[in-house]
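Residue-level listing of the chains:
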Amino acid sequence: MDEVYLGSCTNGNLEDLAVAAGLMKGRTVAKGLRFIVVPATNRVFKEAIRLGYIKTFIEAGAVICHPCCGLCCGMPYGLMTDDERILSTANRNFIGQQGTKKTLSYLCSPAVAAVTAITGVVTDPRTFTGEEGTR
């Protein structure tokens, strides 16, 4: 993967951020991978800060964006180029929506997004041991 996108206006709820932060705690984003986190609303963003989720993402190497519709509707938070691969928790992956018509866009759960951000390859969280992303 070239990028992992967690969140959006519909899928950046507190429960999703909690799942991903729990898996990311004490780990780092894979070298060369962009990990973008977008809380759904200002209320969710503030609560995620209070609970330490945002700190966990920042310490892991994620980029945190303000609450917005974001990448799923083509907003400029990590738009992809030809043949780049993105794994996203957004609610849609229409051709050309998250980048060019040649962007390879895949949808996943928050848990898959988190462990993939750590390993750099699509990873099943049920088989993730944590050893893969410990440095």
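Novice: When you look at the overall build of the protein chain in this model, what are you seeing that I'm missing?
Specialist: Secondary structure summary: the protein chain contains 4 helices and 5 strands in total. Taken from N to C terminus, the helices and strands of the protein chain fall in the order β-α-β-α-α-β-β-β-α. Classification of the 135 residues of the protein chain by burial places 47% in the buried group. Restricting the contact set of the protein chain to residue pairs at least 6 apart, pairs at least 24 apart contribute 65%. Carbon and sulfur atoms provide 55% of the accessible area of the protein chain, an area that totals close to 6700 Å².

Novice: Help me understand the sheet that holds strand β1 (residues 3–7), please; the structure alone is not making it clear to me.
Specialist: The strands that make up a sheet pair up through hydrogen bonds in the backbone, lying either parallel or antiparallel. Spatial strand order, β3-β2-β1-β4-β5: 5 strands in an open sheet with parallel pairing. Only two strands of the sheet have a single partner each, and these edge strands are β3 (63–64) and β5 (104–107). Taken together, the 2 bridges between strand β2 (residues 34–38) and β3 define a ladder with parallel strand orientation. What sits directly across from Ile36, in β3, is Val63. Each of β1, β2 and β4 (85–88) touches helix α4 (residues 110–119); the most contacted strand, β1, lies at about 145° to it.

Novice: How should the environment of Ala30 be read in this particular structure?
Specialist: Mapped onto the elements, Ala30 comes out in the loop between α1 (14–24) and β2. A relative accessible area of 9% places Ala30 in the buried class. Taking the C-alpha atoms as reference points, Ala30 and Thr116, 86 residues apart in sequence, are found 8.4 Å from one another.

Novice: In this structure, what is going on with helix α2 (residues 42–50)? I would like to understand it.
Specialist: Side chains that are three or four residues apart share a direction in an α-helix, a result of its 3.6 residues per turn. Those residues of α2 that sit buried are Val44, Phe45 and Ala48. The buried side chains of α2 occupy one side of the element, clustering within an arc of 100° when seen end-on. In this structure, α2 carries Asn42, Arg43, Lys46 and Arg50 as exposed residues pointing more than 90 degrees from its buried face.

Each value, and the rule that gives it
Residues numbered from 1 in each chain as written. Predicted model: local features only at pLDDT ≥ 70, side-chain atom pairs only at ≥ 80, totals over all residues. Heavy atoms only, no water. Helix = DSSP H or I, 4+ residues; strand = E, 2+ residues; numbered from the N terminus. Buried < 20%, exposed > 50% of the residue type's maximum accessible area, 1.4 Å probe, protein only. Contact = heavy atoms within 4.5 Å. Areas by Shrake-Rupley, 256 points an atom, 1.4 Å probe, with all protein chains shown as cover. Pairing = 2+ DSSP bridges. Axes fitted to C-alpha atoms, helices over the stretch in contact; angles between N-to-C directions. Arc of directions from axis to C-beta.

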